[in-house]
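Read off the chains here:
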Amino acid sequence: MTSPYNPPPSPPRLYVEAVTMTKATPLALLPLALFLALFVGSGLWYQSQGVEMAFYQISAPVAILPAIALALLLARGSLNRRIETFIHGVGDHTIVTMALIYLLAGGFASVAKAIGGVDATVNFGLSVIPAELVLPGLFLITAFVATAMGTSMGTVAAIAPIAVGVADATDLPLLLTVGTVVGGAMFGDNLSIISDTTIAATRTQGVEMRDKFRMNVRIAMPAAVLTLAWLYFQSIGQGATTAIAAPGDYELLRLLPYVAVLVLAVAGVNVLLVLFTGILLAGAIGLGLQPEYSLASLSRDIYAGYSSMQEILLLSLLIGGLGAMMKTQGGLAWLANAIDHISRSGGRRERNARSGELGISAAVALTNVCTANNTVAILLSGSLAKDIAARYRVDPRRSASLLDIFSCAVQGLLPYGAQVLLASSLARVSPLALVSNIQYCWLLGAAALISIVIGAPRFADLTARRSVTDLS
């Protein structure tokens with residue numbers, strides 16, 4: 001019986017044999033170290049020069065090219081054999097599927113925004129928020145928009161200016177109001193089925209988006225509820241009594257594509273079909289409600305969505321190839337052994353899921369600190385996380401959930417991360433000062449750590465239960 005948690009089809013036999021026969025060695029990680037040195041080093045240098053968005057001046061798909069060249073030099077065998085290994089990694093089932101999802105996700109987000117979906121969502125939300133629920137309402141609006149759009153950056157860009165106006169109208173602290181927007185954006189980035197972080201986490205771990213979503217909700221929802229309660233008391237304490245008027249008219253029909261995509265995804269429909277349906281539905285609404293919107297406009301919007309995913313798509317392909325080479329050279333095996341050794345230190349001899357979960361969480365969090373990009377962090381640590389999950393019998397759904405949660409929590413708290421830099425520039429506040437006011441990300445990280453300490457359902461238990469069900 002085929003299980004939804006089985007890994008994707010294995011690459012050719014020659015490639016598998018190369019993986020299993022290579023001795024674990026840290027030298028195979030030098031290409032990854034070079035990539036991080038170039039990517040992070042350039043960011044630090046531009047930051048010292050006072051350049052805005054310093055860590056995003058050198059694109060990751062370019063910074064990774066020297067690392068790929070180094071990996072080819074370090075690999076053994078003929079040059080054709082090394083290149084073949086790299087190409088197998090680029091063409092891996094997981095990587096190709098991820099690329100297709102990225103394209104459709106970008107097309108859907110672009111079309112839905114073009115037909116006024118974002119504006120309709122924001123205007124509808126602001127029109128019904130009572131004065132005493134200003135901050136919780138702003139968080140909910142931002143969270144829904146980010147979940148629907150699948151991009152925290154686009155959400156911050158759309159709603160942060162509104163948050164500045166809300167702060168002026170209600171006398172709420174500006175840092176608190178803008179921090180609420182960043183927190184809501186990271187909530188949606190973490191849970192959205194069209195977010196690049198969700199796509200990367202589920203594809204690298206070989207799980208369904210629906211299952212990862214359900215696992216994530218158990219952690220994200222308690223953190224969100226605590227955030228809403230805290231924001232409510234802050235609204236009351238700050239004397240937010242000025243009502244907020246909707247900035248414009250809206251039509252609820254324009255929200256339908258977002259709602260449809262969320263419902264279909266949670267229902268378990270294939271994600272490629274979900275996104276394709278979303279594009280068709282959004283396009284049909286645009287053609288029906290906007291006389292000037294034509295098939296040519298729809299085509300341009302879809303292609304614009306494709307283009308918006310160009311960088312992450314290219315990086316995914318290149319990281320797939322680099323990861324395959326590091327794996328065949330024993331780099332990932334060495335990392336897994338190192339984590340295994342650390343987990344057994346201090347008298348602990350047994351392998352348990354809790355140790356594996358901590359290793360996965362630490363790996364993606366530290367990678368995110370280095371790269372200042374949560375999707376890149378997941379792509380870089382995805383293979384390692386899958387290996388750790390297999391060694392420690394961590395449920396793959398749990399592994400995907402932890403990858404996404406810790407990458408988003410860390411990303412939302414980095415003063416040099418894109419989301420915080422964008423929000424602080426729009427509000428003209430210090431990124432360092434803003435970080436302490438992004439309560440949701442702090443609570444999300446804390447909730448995830450508590451879930452690890454308390455313990456989650458173990459993969460072995462779930463497998464046993466599933467087997468019993470099948471037999472009955």
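Reading the values: rules and limits
- Residues numbered from 1 in each chain as written.
- Predicted model: local features only at pLDDT ≥ 70, side-chain atom pairs only at ≥ 80, totals over all residues.
- Heavy atoms only, no water.
- Helix = DSSP H or I, 4+ residues; strand = E, 2+ residues; numbered from the N terminus.
- Buried < 20%, exposed > 50% of the residue type's maximum accessible area, 1.4 Å probe, protein only.
- Areas by Shrake-Rupley, 256 points an atom, 1.4 Å probe, with all protein chains shown as cover.
- Core = buried A, V, L, I, M, F, W, Y, C linked by side-chain atoms within 4.5 Å.
- Contact = heavy atoms within 4.5 Å.
- Axes fitted to C-alpha atoms, helices over the stretch in contact; angles between N-to-C directions.
- Parallel < 35°, antiparallel > 145°, perpendicular 65-115°, else oblique.
- Left-handed = near helix turned anticlockwise from the far one by under 90°.
- Nonpolar A, V, L, I, M, F, W, Y, C, P; charged D, E, K, R; others polar.
- Phe/Tyr/Trp six-rings, centres within 6.5 Å; stacked < 30°, edge-to-face > 60°.
- Patch = residues over 30% accessible without salt bridge, like charges linked within 9 Å, V, L, I, M, F, W, Y side chains within 5 Å.
- Salt bridge = Lys/Arg side-chain N within 4 Å of Asp/Glu carboxyl O.
- Arc of directions from axis to C-beta.
- Disulfide = S-S within 2.5 Å.
- Lys, Arg positive; Asp, Glu negative; His and termini not counted.
- Polar contact = N/O pair within 3.5 Å; in protein donor to acceptor, adjacent residues only side chain to side chain.
- pLDDT = per-residue confidence, 0-100.

1. Quick look at the overall build of the protein chain
Looking only at helices and strands, the protein chain has 24 helices and zero strands in total. Buried residues in the protein chain amount to 54% of all 472 residues. Here the protein chain has roughly 20100 Å² of accessible surface; of this, 65% comes from carbon and sulfur atoms.

2. With respect to the nonpolar core
The biggest cluster of nonpolar side chains holds 100 residues, and the ones touching the most others in it are F35, I64, F187, I193, L275, Y440 and L444. Leave out the neighbours within four places in its chain, and F187 touches F139, A143, T147, A220, M221, A224 and Y440. Core analysis: the second largest hydrophobic core is formed by 18 residues, A160, V178, V435 and C441 among them.

3. Looking at the packing of helix α10 (residues 174-191) against helix α20 (residues 396-411)
Interaxial distance between α10 and α20 falls to 9 Å at its minimum, and their mutual angle equals 160°. As the angle between them shows, α10 and α20 are arranged roughly antiparallel. Between α10 and α20 the crossing geometry is right-handed. Listed contacts from α20 to M186, D189 and N190 of α10 are D404, I405, C408 and Q411. Of the residues assigned to the contact of α10 with α20, the class counts are three nonpolar, two polar and two charged.

4. Focus: the packing of aromatic side chains
Overall, the coordinates contain seven aromatic pairs when judged by the stated rule. Ring plane angle 80° and centroid distance 5.1 Å describe the contact between W45 and Y46, whose orientation is recorded as edge-to-face. Relative accessible area serves as the criterion here: at 23%, Y46 is assigned to the partly exposed category. Ring centres of Y303 and Y306 lie 6.4 Å apart, and the angle between their planes is 70°; this geometry places the pair in the edge-to-face category.

5. With respect to a nonpolar patch on the surface
Taken together, F124, V128, Y250 and L252 make up a surface patch of nonpolar side chains, about 350 Å² in accessible area. By the secondary structure assignment, F124 is in helix α7 (residues 117-127). According to the relative accessible area criterion, F124 is partly exposed, its value standing at 31%.

6. Quick look at unusual backbone geometry
The backbone of R393 sits at a positive phi, close to 55°, despite the residue not being glycine. Mapped onto the secondary structure, R393 falls in the loop between α19 (374-392) and α20.

7. Details of the side chain of K212
Here K212 is to be found in helix α12 (residues 209-237). Ignoring anything within four residues of it in the chain, the contact list for K212 reads N190, T198, T202, V207, A400, S401 and D404.

8. Brief notes about helix α4 (residues 65-74)
Residues of α4 that are buried: A67, I68 and A71. Down the axis of α4, the sector holding all buried residues measures 100°, keeping them to one side. If you follow the buried residues of α4, they end up packed against α2 (30-48), α5 (79-90) and α16 (310-328).

9. A word on the environment of I302
Tracing the chain through its elements places I302 in helix α15 (residues 295-308). Once the C-alpha coordinates of I302 and I279 are considered, the two residues, 23 residues apart in sequence, prove to be 8.1 Å apart. Beyond its immediate sequence surroundings of up to four residues, I302 is in contact with G107, V111 and I279.

10. Considering the packing of α5 against α16
Contact geometry for α5 and α16: axes closest at 7 Å, N-to-C directions at 125°. As summarised for this structure, α5 and α16 are arranged oblique, according to the angle between their axes. Read as a crossing pair, α5 and α16 show a hand that is right-handed. Of the residues in α16, those touching α5 at R82, T85, F86, G89 and V90 are L317, L318, G320, G321, L322, A324, M325 and T328. Looking at the contact of α5 with α16 residue by residue, the class counts come to seven nonpolar, five polar and one charged.

11. Digging into the state of the cysteines
If you walk through the whole model with that rule in mind, you get zero disulfides. Of all cysteine sulfurs in the structure, the one in C408 sits closest to C441, which takes part in no disulfide; the separation is 8.0 Å.

12. Notes on the pattern of salt bridges
All chains considered together, the criterion is met by five salt bridges. A salt bridge links E357 to R398, with the shortest nitrogen-to-oxygen separation between them at 3.2 Å. Of this pair, E357 sits in helix α18 (residues 353-371) while R398 sits in helix α20; the two residues are 41 residues apart in sequence, bridging distant segments of the chain. In terms of burial, E357 and R398 fall into one category: buried. Across the pair D395 and R397 runs a salt bridge, and its minimum N-O distance is 2.6 Å. Under the relative-accessibility criterion, D395 is labelled buried at 2%. Given the relative accessible area of 15%, R397 is considered buried.

13. Digging into the side chain of R82
Within the secondary structure, R82 sits in helix α5. E84 provides the closest opposite charge to the buried, salt-bridge-free R82, at an N-O distance of 11 Å. For R82, the side chain forms a polar contact with the main-chain oxygen of L72, separated by 2.8 Å. A polar contact is formed between the side chain of R82 and the backbone oxygen of G77, at a distance of 3.0 Å. Not counting residues up to four positions away in its chain, the partners in contact with R82 are L72, L73, A75, R76, G77 and M325.

14. Details of the confidence of the model for the protein chain
Residue-level pLDDT values for the protein chain average 79, and 82% of them are 70 or greater. Within the protein chain, no element has a lower average pLDDT than helix α1 (residues 13-21), which sits at 38, and none a higher one than α20, at 93. Here residues 457-472 is modelled with pLDDT under 50, and outside its nearest four sequence neighbours on either side it reaches 16 contacts, counting other chains as well.

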